[in-house]
Amino acid sequence: MEKALYKAVTEMNPQIYKDFYRFYFKKHYRTFNIISTCIAAAAFALTAYFYVMKFGMVWILIALWIAIVMFIYPRLAYRRPSKRASKSRQTTRFRFFDTHVIEKTNGEETDYKYADLQEVVEGKKYIFIFHAEDSVSIVIKSEVSDNGADRLALILKANAPNYSKTNVC
């Protein structure tokens, strides 16, 4: 039996869920954020136009409401799913090897080859391992055994097909 290079344990808590969903929404909804910001700018301009042209107060308030919602909502959209997920408590144990990782969650053990991972994203505090679009594992870098988070990141970078770094979390 081969010996694991690194081990880690992730005990999920509300802060981890919040950080993950903030990262996920920023990364995967980038186009929506850009479009909604453009719509918000247009709605603010329309509000100013309605005000200058002395339209009724109802039209001004409707345009202003649309502008505010389109500007703020995309930046706070991650909160609802993170709150829903924060009630879930699970602990995942990781064992990292040269070519694969074994995860054990709720007594179920799964083996993933690095080459088969969809994406690996390294942040300041976490390493997000995407198995599929809707399946992700979160490794807390400070929980990697032997202070090996940086060396683990090098192994993942060398073996995972889609490895990237982010400054988000």
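Values in this document were obtained by computation on a predicted structure and should not be read as measured data.

## Quick notes on helix α5 (residues 149-159)
(1) Moving on: Among the residues of α5, those classed as buried are Ala149, Leu152, Ala153, Ile155 and Leu156. Angular distribution of buried residues about the axis of α5 spans 160 degrees; they occupy a single face of the element. Projecting away from the buried face of α5 at angles above 90 degrees are the exposed residues Asp150, Leu154, Lys157 and Ala158.

## Some details on the pattern of salt bridges
(1) Moving on: Applying the stated criterion to the full structure yields five salt bridges.
(2) Moving on: Between Asp19 and Lys125 there is a salt bridge; the shortest N-O distance is 3.2 Å. With Asp19 in helix α1 (residues 14-28) and Lys125 in the loop between β5 (119-122) and β6 (126-132), the pair connects residues that are 106 residues apart, well separated along the chain.
(3) Moving on: We classify Lys125 as partly exposed; its relative accessible area is 42%.
(4) Moving on: Across the salt bridge formed by Glu109 and Arg95, the nearest N and O atoms sit 3.8 Å from each other. Pair noted here: Glu109 is in strand β4 (residues 108-113) and Arg95 is in strand β2 (residues 91-96), with a separation of 14 residues, a long-range link.
(5) Moving on: By relative accessible area, Glu109 is classed as partly exposed at 47%.
(6) Moving on: Judged by relative accessible area, which is 26%, Arg95 ranks as partly exposed.
(7) Moving on: Within this structure, Asp19, Arg22 and Lys125 form a network of salt bridges that share partners.

Rules and cut-offs
Residues numbered from 1 in each chain as written. Predicted model: local features only at pLDDT ≥ 70, side-chain atom pairs only at ≥ 80, totals over all residues. Heavy atoms only, no water. Buried < 20%, exposed > 50% of the residue type's maximum accessible area, 1.4 Å probe, protein only. Helix = DSSP H or I, 4+ residues; strand = E, 2+ residues; numbered from the N terminus. Arc of directions from axis to C-beta. Salt bridge = Lys/Arg side-chain N within 4 Å of Asp/Glu carboxyl O.

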